[in-house]
Amino acid sequence: MATKGTAAKKAAPRKAAAKAAPQKTAARAKAKPEISAEKSKMVGSVRRSFAPWTDPDAKPFILYENITKRFGDFTAVDDLTLGIYEREFFSLLGGSGCGKTTLLRMLAGFETPTEGRILLDGQDISKIPPYKRPVNMMFQSYALFPHMTVADNIAFGLKQDKMPKGEIADRVDEMLKLVKLEQFKSRKPHMLSGGQRQRVALARSIAKRPKVLLLDEPLGALDKKLREQTQFELIDLQQQLGLTFQIVTHDQEEAMTVSDRIAVMNQGKIIQVSTPAEMYEYPNSRFVADFIGDINLIEGTISSVSGGKVTVETADAGKLVVNQDLKADKGQTAWIAIRPEKVSIGLKKPAARTANVMSGEVWDIGYLGDVSTYHVKMPAGGIVKALQTNATRLVERPITWEDQAWLSFSPDGAVVLLS
Amino acid sequence: MAEHHDRSGRRLVLLVPYLWLLVFFLVPFLIVLKISFSQIAVAMPPYTPTFSLSQGWDGFVAAFRQLSFDNYVWLTEDDLYIRSYLSSVWIAFVSTIITLLVGYPVAYGMARAPSQWRATLLMLVILPFWTSFLIRVYAWIGILKPEGLLTVVLQTIGLLSPDEQVRILNTTTAVYIGIVYSYLPFMVLPLYSALEKMDASLLEAAEDLGCHPLKAFWVITFPLSLPGVIAGCFLVFIPAVGEFVIPDLLGGSGTLMIGKTLWSEFFNNRDWPVSSAVAVILLAVLIIPIVLFQRAQQRAQEREAG
Ligand SMILES: Nc1ncnc2c1ncn2[C@@H]1O[C@H](COP(=O)(O)OP(=O)(O)OP(=O)(O)O)[C@@H](O)[C@H]1O
Ligand SMILES: [Mg+2]
């Protein structure tokens, strides 16, 4: 996954910001080594000092409290509770129509929750009209003012604040530079491409530097390179200005890159909220596992749970063992979730003591240049995917179609899911 | 072969509006123009010269020589005409403003109504067209006359004592009422179409950026409805200038409008040449706003097309 590299790059500005940030973060930074000393194994490569959600005393800056939103008899958001912390970069992921935009619109003030309330900095905002909320939203449809130039669009919010003319001009130039639209300053929106319009909408929503910025698919129309650049600029900006971002995206790679935490939504409910690495390594359900990245799900029944080891009896590969503290009953249906890159593949039978060995026929091979994905058909009919880096150009005996291949994975590599 | 057919077919289609204009606008206009250069005569038709083919080319040239600008000179000598033109333009202008002020909220309300209502509301705006324009203006006489409906209503609700009566009929006020009433749909329809296609999320975006909804109306909604405002104003102003029926039926002797002047010139004085000259000047007066209108439309189109 390309996210690994980008995630590492991201760590630098994070730390810089942590230094600049006041007391609270510093205290937490000190606490960090203790945690890592006590647990020898950690999830993911990136460890950040910014993690207010682990602090029981920290109060969320934005709090959706048991929010339900119904349109007629259709429930768009269903009894959702979610806290987002100050200076957090929070992403919402989820399929189309799962209620992401509706959630943002309720915070911006364009929809009223049918039930529940939203607190901003501890204050119920239900009575505050949208134009007074310290929240700016970038609309999924951009909603650019067609009769105004790009510069006027960006300046619009600043003018409402009665900012002095000179400052407005400076801020507009800064924003134009951020989104690389300097030469389009005096164009009207209809003279711009889709991606350019999206950038104007982004610039317009950021220009006011609101405490909370809601971005509804801010980068969807940009090409990959520009999108990655803009992602980092967004992160920098968020760090420099200490803003709180809540962003909707369809691009899970983007969510992994930019977010402090991610929430995966489905049918108006939040399925899981966690850091990108936790989300990837410890999905809490098949839905999340499947939604984020590629994964093998091997169905079976739990045959024993003891001492941090779970054994699952599967039709495809017999008994498989996973190191995990799990509350489950014997005989319960469970799924072993294992990422393809954590499954090793070979033509020789692994050593006798190797855990979790499976064998099957190579059914399909997906060659992607840097890696190859092998689809191996188990005797019972299930397919298990294994990912292998193409480390050398020439291989003595490449794995090929219809080969009998041996698969194995470490008990630390997988998770057992009960739902 | 088929392509050739196709293209000539398209040309034919393009020709239709031009043919229409030629036959029903340009030719009648040229006839009126010619009459306006003629002299009044006790004859049938009541002017000279008349062109006829019987006298050949020489007769044609002789008749042409008789044409003169006398009628136009006459129009400048009697200030009745100039006052009529000015008064017509003024009345049309005021009526247009009132129509805009009345029509904008109507169109706005329609555009903001729940979508399942809009077709019905649109129907209601168009509904008056099902009755003849003349009859509707006549109906206003019944409402506005001293012992009419308005007096009765005002007396019943006590705003007018039983011995008082409204004095609106045969005044310029009645003409304003008539014009505003009659031309309101021409204002509402273009306004509605401009307001209806406006994206509601623009107002949300404005509000989101800290703009009060009332202010958002002026900085977003109104500028975006400007093409509708312009179209509506011209659609009301241009026919209102030449309006005859309304000032004739509702206006009094004090209401001077060029349409009425033209009518009395034509029917009372049987002075076809002078009334033709009045009509030609009226057209010239209206050409200015028509050209302005077209320019505005063109600019709007250019803006949309980039
Ligand atoms: N005004 C409305 N009236 C009725 N239903 C609505 C309204 N707004 C949203 N919905 C419904 O609520 C659900 C959630 O919509 P929402 O726009 O929040 O989805 P989303 O998660 O943002 O989807 P996408 O990723 O496609 O943008 C959808 O099924 C949508 O049809
Ligand atoms: Mg959406």
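Keep in mind that this is a model prediction, so the values were computed, not measured.

### As for the domain arrangement of chain A
The accessible area lost on association of the parts is a frequent measure of interface size.
Residues and elements named next belong to chain A.
Phase 1: Assigned domains within chain A: domain 1 (8-37 + 45-134 + 210-286) and domain 2 (294-417).
Phase 2: The partner domain 2 presents 7 residues to the 8 residues of domain 1 that form the contact.
Phase 3: Summing the contributions of domain 1 and of domain 2, the shared interface buries around 730 Å²; its carbon and sulfur component is 59%.
Phase 4: When the buried area of domain 1 at its contact with domain 2 is split by residue, Tyr280, Pro283 and Arg286 rank highest and sum to 71% of it.
Phase 5: Where domain 1 packs against domain 2, one counts 1 salt bridge.
Phase 6: Note that Lys342 and Glu281 form a salt bridge whose closest N and O atoms lie 2.9 Å from each other.
Phase 7: Broken down by element, the residue count for the side of domain 1 that touches domain 2 peaks at 3 residues, all from helix α9 (residues 276-281).
Phase 8: Looking at the side of domain 1 that touches domain 2, its residues break down into 4 nonpolar, 2 polar and 2 charged.

### A closer look at the domain arrangement of chain B
Phase 1: With domains assigned, chain B is organised as domain 1 (42-70) and domain 2 (78-305).
Phase 2: Computed from C-alpha coordinates alone, the two centres of domain 1 of chain B and domain 2 of chain B are separated by 42 Å.

### Some remarks on helix α3 (residues 70-77) of chain B
Residues three or four positions apart in an α-helix share a direction because the helix packs 3.6 residues into each turn.
Residues and elements named next belong to chain B.
Phase 1: For α3, the full list of buried residues reads Asn71, Tyr72 and Leu75. End-on, the buried residues of α3 take up no more than an arc of 100°, which puts them together on one face. Among the exposed residues of α3, those pointing more than 90 degrees away from its buried face are Thr76 and Glu77.

### Some words on the coordination of the magnesium ion (ligand 2)
All names here are of chain A.
Phase 1: Around the magnesium ion (ligand 2), the protein supplies Thr101 (OG1) and Gln140 (OE1) as donor atoms, at distances of 1.8 to 2.3 Å. On the criterion of sequence distance, the pair formed by Thr101 in helix α3 (residues 100-108) and Gln140 in the loop between β6 (135-138) and α4 (150-160) is long-range, its members being 39 residues apart.
Phase 2: For Thr101, a relative accessible area of 24% corresponds to the partly exposed category.

About the thresholds
Residues numbered from 1 in each chain as written. Chains lettered and ligands numbered in written order. Predicted model: local features only at pLDDT ≥ 70, side-chain atom pairs only at ≥ 80, totals over all residues. Heavy atoms only, no water. Domains from an automatic or database assignment. Contact = heavy atoms within 4.5 Å. Buried area = accessible area lost by both parts, 1.4 Å probe. Salt bridge = Lys/Arg side-chain N within 4 Å of Asp/Glu carboxyl O. Helix = DSSP H or I, 4+ residues; strand = E, 2+ residues; numbered from the N terminus. Nonpolar A, V, L, I, M, F, W, Y, C, P; charged D, E, K, R; others polar. Buried < 20%, exposed > 50% of the residue type's maximum accessible area, 1.4 Å probe, protein only. Arc of directions from axis to C-beta. Donors = N, O, S within 2.8 Å, 3.2 Å for Na, K, Ca; no water.

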